[in-house]
Amino acid sequence: MTDARTVADRLRDRITGSVTTDASLAPFTTFRVGGPADVLVEAESEEDLRAVAETRGDLDVAIVGRGSNLLVSDDGFRGIAVRLGRAFRDHTRDGSDLRLGGAVYLPAAARLTSRLGLTGFEFAAEIPATFGGAVRMNAGAHERCIADVLRTARVVDLATGDARDVGVDELAYGYRHSSLGPHDVVTAGTLRLEPGDPGKIGRRIAGLLRWRREHQPPGRSAGSVFKNPPGDSAGRLIDAAGAKGKRVGGAEVSSRHANFIVADPTGATATDVWTLIVRLRDLVRDHAGIVLEPEVRFLGVFPGGEQVEVEVEG
Ligand code: EPU
């Protein structure tokens, strides 16, 4: 069994990024609940990521972006959590192609496309995730998704340390799904956009943000808790089952959108959120005969659950 502190010491000697032991992950998630990771690495280069692969031994590795789709167990994560640091927040433009680093925040990228006069990425303004996380799960909004605009992605495998460039066709994209494995970190990607009028792009973005404010709740949530089942909407199903306002401890089903769970800033735990998710799944199964699949990813051990080794979004 590899010792986490020994790994942390070895990594400190090798990488340009930062290494913290027993690091709280709650601040790196939008639910803002959950316990610490044994080791937290903020990588500043692909070499840093290769060092994690070569040093980790048998420790699990999880990739954490903006944590906007992530529930960390109250007991935390026994392994190495990896974030991409500032070095992965760059962008370069080549005509209508826009290359983004894996740690770029999508709403910022959407505003950037408006300044650059490039259209096709307005939908990203609504998604509070990192670009890398969005590429891995094919994040989307308003009938648009990453698969519609991505050309290539740069991926580092944290199991082997190998880096590779993959074309969009190799990613086997589906609804909130790609072929990327649990240890694959997306460090960058190139979008193929189209020239457009900055004013119009800006207005479209403003309209989407207005829609979001009207239809989705503010506060500490991870967006949609469940994926939409084919031909239906998880929010509609949970709402029809009468669950709006349902609470477990400090976690509550939003009365604005039933597929959102909002964590109370004064006292929600990850177990509250987890328990409510399980109850909603059971409620919809009993009410409509449909078993909803979580869109939220889980990191760590949950009551009645197994240790979940996760590839995590942003
Ligand atoms: N609805 C209800 N009650 C509710 C919520 C929704 O009846 O409490 C009904 C709405 O009236 C509508 C239907 O359900 O007829 C669909 O709702 P909505 O338009 O809000 O879209 P959604 O399918 O719930 C999806 C994405 C969102 C994305 C929006 C807008 C999924 C799981 N969710 O939501 O993505 O922002 O479309 O494009 O695909 C996310 O992935 O985290 C996310 C927020």
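Quick caveat: nothing in here was measured; it's all calculated off a predicted structure.

Caption draft 1: Region of interest: the overall build of the chain. A tally of helices and strands in the chain yields seven helices and 18 strands. Taking 20 Å as the expected radius of gyration for a compact globule of 314 residues, we find that the chain reaches 19 Å, a close match to that expectation. In terms of principal-axis extent, the alpha carbons of the chain reach across some 55 × 55 × 35 Å. Across the 314 residues that make up the chain, the buried fraction comes to 53%. Of the contacts formed within the chain by residues at least 6 apart in sequence, a portion of 68% connects residues at least 24 apart.

Caption draft 2: Inspection of the sheet that holds strand β16 (residues 251–253) at higher detail. The strand order β15-β16-β17 describes an open sheet built from three strands, whose pairing is antiparallel. Both edges of this open sheet fall to β15 (247–248) and β17 (261–263), since each of them pairs with a single strand only. Sheet topology places β16 next to β17; three bridges connect them, and they run antiparallel. Note on β17: the bridge partner recorded for Ala251 is Ala263.

Caption draft 3: Summary view of the pattern of salt bridges. Taken as a whole and judged by the stated rule, the model has 19 salt bridges. It is possible to trace a salt-bridge network through shared partners that takes in Arg281, Asp282, Arg285 and Asp286.

Caption draft 4: Structural context of the packing of aromatic side chains. For the coordinates displayed, the defined rule picks out four aromatic pairs. Relative to Phe123, the ring of Phe121 lies with its centre 5.4 Å away and its plane at 85 degrees, an arrangement referred to as edge-to-face. Arranged with centres 5.1 Å apart and planes meeting at 85 degrees, the rings of Trp274 and Phe298 form a pair that is edge-to-face. Pair noted here: Trp274 is in helix α7 (residues 270–288) and Phe298 is in strand β18 (residues 297–299), with a separation of 24 residues, a long-range link. Residue Trp274 is classed as buried on the basis of its relative accessible area, which comes to 17%. Residue classification places Phe298 among the buried residues on the basis of a relative accessible area of 12%. For the cation-ring pair, Arg66 lies above Tyr105, with the distance from its terminal atom to the ring centre recorded as 3.8 Å.

Caption draft 5: Here's a closer look at the site of the ligand. Of all residues adjacent to the ligand, which total 20 residues, the nearest are His142, Tyr175, Asn228, Asp239 and Glu295. Between the ligand and Gln216 there is a distance of 2.9 Å, counted from an oxygen atom to a side-chain nitrogen or oxygen. The separation between an oxygen atom of the ligand and a polar main-chain atom of Ala258 is 2.8 Å. Its free accessible area being 830 Å², the ligand has 71% of it covered by the protein chains. Broken down by class, the residue content of the shell around the ligand amounts to six nonpolar, eight polar and six charged.

Thresholds, definitions, all that
Residues numbered from 1 in each chain as written. Predicted model: local features only at pLDDT ≥ 70, side-chain atom pairs only at ≥ 80, totals over all residues. Heavy atoms only, no water. Helix = DSSP H or I, 4+ residues; strand = E, 2+ residues; numbered from the N terminus. Rg over C-alpha atoms; globule rule 2.2 N^0.38 Å. Buried < 20%, exposed > 50% of the residue type's maximum accessible area, 1.4 Å probe, protein only. Contact = heavy atoms within 4.5 Å. Pairing = 2+ DSSP bridges. Salt bridge = Lys/Arg side-chain N within 4 Å of Asp/Glu carboxyl O. Phe/Tyr/Trp six-rings, centres within 6.5 Å; stacked < 30°, edge-to-face > 60°. Lys NZ or Arg CZ within 6 Å of the ring centre and 35° of its normal. Near = heavy atom within 4 Å. Polar contact = N/O pair within 3.5 Å; in protein donor to acceptor, adjacent residues only side chain to side chain. Areas by Shrake-Rupley, 256 points an atom, 1.4 Å probe, with all protein chains shown as cover. Nonpolar A, V, L, I, M, F, W, Y, C, P; charged D, E, K, R; others polar.

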